[in-house]
Amino acid sequence: MTNKTLLSFFFALAISASIKAQNRNPFGKPLVPDMIADASIQQINGIFYCYATTDGYGRGLKSSGPPILWKSTDFVNWSFDGTYFPSAAKELYWAPSKVVPANGKFYIYPTVNGYMYPAVADKPEGPFKLARGKDEWFKPYTPSTLLQTKKPNGIDAEIFIDDDKQAYVFWNTRHAAKLMPDMITVDSAVQVISTPRTQYSEGPIFFKRKGIYYYLYTIGGNEKYQYAYIMSKVSPLGPYTFPKNDIITTTNYEKGLYGPGHGSVFNLEGTDKYYIAFLEFGRGSTNRQTYVSPLTFASDGTINPVDVNLDGVGELARSKQPKQLQISNAYASSTADSMKIKPISDPSFKREEFFDPKFAFDGSNGSRWMAKEKDSTGWIVADLGKIKSVSLSKVYFVRPAAGHAYLLETSLDGKSWQKSGGHSETKVQSPHVDQLRIKCRYVRIKILNGVAGIWEWNLY
């Protein structure tokens, strides 16, 4: 082999490696096409509900998105429309609990501006309002807090109602207490649950299965986030026994998953199939996404270590979906430069995100197309390869809870375009849906307002 041939060979290898690296998605298949954390997931009358912290607003704990409720009938196709807690839309809104049915209403217990609050609605979808006092906000906290103490400190409420209808509330640093029948008054006899691991703890999870109470609590954080647990056959307030293998979620270096933390446990209605939802380190700080893995038990009731991974669990219930069109190619007005994500607690952490337009069509909620920051007229084109009938478009924008306006155009030749959908007003929802019923080869979205990026774009 000549030097010139050898040089060409290694150049070709380098190009191939570069293309492969740019097409790599290190985030796998998160649950929803957005950055969310602290997810509380439950199934009610066949519908999956996901209440969560809306992440990805770029200023750490000084920012958050509004209260958003993702819903799904199959656990794969998720959507939301507006906010379920209007008065809290501009507050720092974190870690909502599951909704709890009681007194003919539904209650939820989010952390708002750093304090727990009870809220109430007629339906799981809301709209919710504060359950105590006026439905208004001011900092640091209002008289409507869940804890009616001089300093009502506490975050990450978790509510459990036992078989005898007694309600309990658990919150950070292992606190627990009974909740009165009005669902907004906390018993003054607050307990601190003793656990074998004594690090700072938040994001409690509590559930009962086959007569056993399970208390899950987080330790660590960032790439080192973990869940440990204890169990009791007596009462939600103990006494508890301490399983030998008490760490059930932890970093999986082999599969590239870091810091599985604050989430929830749920089971399919009427079954013994359990799952655990957890946030993952993601892009660091408050730029996280949520994943789900099966939760299984040994014959003695202890919890088996969870096989945490980035693959998700797929469809948990059947639903009819139209046939999706395959995309031949995708190109855009610009593509953001790749982003190397910095480690916080684990120097071995190495992750880089790419923003190829084809990521908008790869069927993964963890990859996305992003335009360059200074691209004021961001657009993306889906090339179907040949003229096809297109009946439906569903687009999941990046940072959807902040709202988007866009123009959808179609073309036979990629030169002459006609308006076929979109809307000029900024709407807070995901996905944005257009009924098309048109023949074309190319479909283009121009983003008029909102973040110029797309998690997923499905054409049917």
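From a predicted model like this one, the values you see are computed outputs, not experimental measurements. (Residues numbered from 1 in each chain as written. Predicted model: local features only at pLDDT ≥ 70, side-chain atom pairs only at ≥ 80, totals over all residues. Heavy atoms only, no water.)

Asks: Can you help me understand the pattern of salt bridges in this one?
Replies: Pairing is possible between side chains that carry opposite charge, provided their charged atoms lie close to one another. In this structure the tally under the stated criterion is 17 salt bridges. For R288, the salt bridge goes to D55, with nearest N and O atoms at 2.7 Å. Residue R288 is located in the loop between β21 (274-280) and β22 (289-295), and its partner D55 is located in the loop between β2 (47-54) and β3 (68-72); the two are separated by 233 residues in the primary sequence. On the basis of relative accessible area, R288 is assigned to the buried category, the value being 15%. The exposure class of D55 is buried, given its relative accessible area of 5%. Here E353 and R283 are joined by a salt bridge, their closest N and O atoms 2.9 Å apart. Separated by 70 residues along the polypeptide, E353 in strand β25 (residues 351-353) and R283 in the loop between β21 and β22 bring together distant segments of the chain. Looking at R283, the relative accessible area reads 9%, which means it is buried. Connected via shared salt-bridge partners are D162, D163 and K208. (Salt bridge = Lys/Arg side-chain N within 4 Å of Asp/Glu carboxyl O. Helix = DSSP H or I, 4+ residues; strand = E, 2+ residues; numbered from the N terminus. Buried < 20%, exposed > 50% of the residue type's maximum accessible area, 1.4 Å probe, protein only.)

Asks: Looking at this structure, how should I read unusual backbone geometry?
Replies: As a rule of thumb, non-glycine residues mostly have phi less than zero, and peptide bonds are mostly trans rather than cis. Residue P239 is reached from G238 by a cis peptide bond, and omega for that bond is 5°. Along the chain, P239 turns up in the loop between β18 (226-232) and β19 (247-249). Its identity as a non-glycine residue notwithstanding, N103 has a phi of 55°, on the positive side. Following the sequence through the fold, N103 ends up in the loop between β6 (100-102) and β7 (105-108). Owing to a relative accessible area of 51%, N103 belongs among the exposed residues under this scheme.

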